[in-house]
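Spelled out from the first residue to the last, the chains are:
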Amino acid sequence: MVKRFSAKRGRGVVWEWPNGALWTWIVATVLEKIFKHGTAHKLFETLAFGAIFVWAWLEIFQGRSLFRRILGAVVLIFSVYSRAR
């Protein structure tokens with residue numbers, strides 16, 4: 001279910017529910033913080049990275065506005081940089 005909130009005259013989308021990749025990232029990040037060590041931590045850390053990578057990639061190439069495409073690029077660069085450190 002996609003719920004959108006638009007400006008008064010129906011212009012741009014102000015907010016919409018997160019898609020599957022973003023929900024996966026949110027849940028995996030929370031679980032990564034709960035399981036601080038071991039195999040479970042590594043699994044959720046990897047899952048969170050993969051989900052945010054997919055979300056950013058989709059925003060870059062399928063984002064509905066220039067803002068969302070730029071946001072996807074920034075998130076992709078930041079997440080890859082953070083993972084490489």
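Residues numbered from 1 in each chain as written. Predicted model: local features only at pLDDT ≥ 70, side-chain atom pairs only at ≥ 80, totals over all residues. Heavy atoms only, no water.

1. A word on the environment of F49
- Within the fold, F49 resides in helix α2 (residues 38-62).
- For the pair formed by F49 and T24, sequence separation is 25 residues and the distance between their alpha carbons is 9.9 Å.
- In this structure, F49 is in contact with S79, V80 and R83, ignoring residues within four places of it in sequence. (Helix = DSSP H or I, 4+ residues; strand = E, 2+ residues; numbered from the N terminus. Contact = heavy atoms within 4.5 Å.)

2. Brief notes about the pattern of salt bridges
- Counted by the stated rule, this structure contains two salt bridges.
- For R68, the salt bridge goes to E59, with nearest N and O atoms at 2.9 Å. (Salt bridge = Lys/Arg side-chain N within 4 Å of Asp/Glu carboxyl O.)

3. Some words on the packing of α2 against helix α3 (residues 66-84)
- Between α2 and α3, whose axes approach to 7 Å, the crossing angle comes to 150 degrees. In this view, α2 runs roughly antiparallel relative to α3, as classed from their interaxial angle. The crossing of α2 and α3 is left-handed. For the pair formed by α2 and α3, the contact residues are E45, T46, F49, I52, F53, W55, A56, W57, E59 and I60 on the first element and R68, R69, L71, G72, A73, V75, L76, S79, V80 and R83 on the second.
- Looking at the contact of α2 with α3 residue by residue, the classes come out as twelve nonpolar, three polar and five charged. (Axes fitted to C-alpha atoms, helices over the stretch in contact; angles between N-to-C directions. Parallel < 35°, antiparallel > 145°, perpendicular 65-115°, else oblique. Left-handed = near helix turned anticlockwise from the far one by under 90°. Nonpolar A, V, L, I, M, F, W, Y, C, P; charged D, E, K, R; others polar.)

4. Structural notes on the side chain of E59
- Summarising the element assignment, E59 is placed in helix α2.
- The class for E59 is buried, based on a relative accessible area of 7%.
- Those residues in contact with E59 that lie beyond four places of it in its chain are R68, R69 and G72. (Buried < 20%, exposed > 50% of the residue type's maximum accessible area, 1.4 Å probe, protein only.)

5. Observations concerning the packing of helix α1 (residues 20-34) against α2
- At a minimum axis distance of 8 Å, the contact between α1 and α2 shows a crossing angle of 155 degrees. As the angle between them shows, α1 and α2 are arranged roughly antiparallel. α2 is crossed by α1, and the crossing has left-handed handedness. Between α1 and α2, the residues in contact are A21, L22, T24, W25, A28, T29, L31 and E32 and H41, F44, E45, L47, A48, A51, I52, V54 and W55, respectively.
- In the contact of α1 with α2, the residues fall into twelve nonpolar, three polar and two charged.

Honestly, that's just the spatial picture; any functional story needs more than this.
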